[in-house]
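# Overview (structure and organization)
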Amino acid sequence: MAKLIGLSHLSDSEYWTLVLIAVILSLVVGYVTDMIMGRLGWGVFGNSFICMMGIVVGLFTYNRYYGRMTSPDITMVSGFAIASVMLHLVALTIIKRVFRL
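Each value, and the rule that gives it
- Residues numbered from 1 in each chain as written.
- Predicted model: local features only at pLDDT ≥ 70, side-chain atom pairs only at ≥ 80, totals over all residues.
- Heavy atoms only, no water.
- Helix = DSSP H or I, 4+ residues; strand = E, 2+ residues; numbered from the N terminus.
- Buried < 20%, exposed > 50% of the residue type's maximum accessible area, 1.4 Å probe, protein only.
- Contact = heavy atoms within 4.5 Å.
- Areas by Shrake-Rupley, 256 points an atom, 1.4 Å probe, with all protein chains shown as cover.
- Axes fitted to C-alpha atoms, helices over the stretch in contact; angles between N-to-C directions.
- Parallel < 35°, antiparallel > 145°, perpendicular 65-115°, else oblique.
- Left-handed = near helix turned anticlockwise from the far one by under 90°.
- Nonpolar A, V, L, I, M, F, W, Y, C, P; charged D, E, K, R; others polar.
- Patch = residues over 30% accessible without salt bridge, like charges linked within 9 Å, V, L, I, M, F, W, Y side chains within 5 Å.
- Salt bridge = Lys/Arg side-chain N within 4 Å of Asp/Glu carboxyl O.
- Expected span 1.5 Å × (residues − 1).

### Quick word on the overall build of the protein chain
In terms of helices and strands, the protein chain carries three helices and zero strands. In the protein chain, the succession of α and β elements from N to C terminus is α-α-α. For the protein chain, the proportion of its 101 residues judged to be buried stands at 29%. Taking the contacts inside the protein chain whose residues are at least 6 apart along the sequence as the reference set, 61% of them involve residues at least 24 apart. Surface exposure of the protein chain reaches about 6800 Å², of which carbon and sulfur atoms provide 72%.

Structure, rendered in structure tokens:
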């Protein structure tokens, strides 16, 4: 998985620290999104799962088109991942609203 999203150059401790931070942040974003969207949302854990998938897609896309991530790129990759998360949440909420799931 680390190679797929472009983080294979990190040590195990750095990789798992980033995974832990991503999980905690996705739970926070899931909670905030659930509070904002109310019934239109997917619940805290659903939004958190969508957030994690958005982070993975964002990092994969960055790795695919821009190459290996280095430390100066952290801010740009974070923005890229957050934008991907927001796109996923909005798209899935629209799908939920249109199909009344």
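Next comes the rest of the description.
### A few points about the packing of helix α1 (residues 12-37) against helix α2 (residues 43-66)
The N-to-C vectors of α1 and α2 enclose an angle of 130 degrees; their axes lie 7 Å apart at closest approach. In this view, α1 runs oblique relative to α2, as classed from their interaxial angle. In this structure, α1 crosses over α2, and the sense of that crossing is right-handed. Of the residues in α2, those in contact with Ala22, Val23, Ser26, Leu27, Val29, Gly30, Tyr31, Thr33 and Asp34 of α1 are Gly43, Val44, Phe45, Asn47, Ser48, Cys51, Met52 and Ile55. When its residues are assigned to classes, the contact of α1 with α2 shows 10 nonpolar, six polar and one charged.

### Description of a nonpolar patch on the surface
Where nonpolar side chains cluster on the molecular surface, the patch consists of Leu20, Ile24, Val28, Tyr31, Val32, Met35 and Ile36 and spans about 720 Å² of accessible area. Mapping Ile24 onto the fold places it in helix α1.

### Quick notes on the environment of Met86
Positionally, Met86 belongs in helix α3 (residues 74-99). The spatial distance from the C-alpha of Met86 to the C-alpha of Thr33 is 9.8 Å, given a sequence separation of 53 residues.

### Regarding α2
Under the 1.5 Å per step criterion, the end-to-end length of α2 is 33 Å for 24 residues, consistent within 8% with the ideal 34 Å. Turning to α2, its buried residues number three or more, namely Asn47, Ser48, Ile50, Cys51, Gly54, Ile55, Val56, Gly58, Leu59 and Tyr62.

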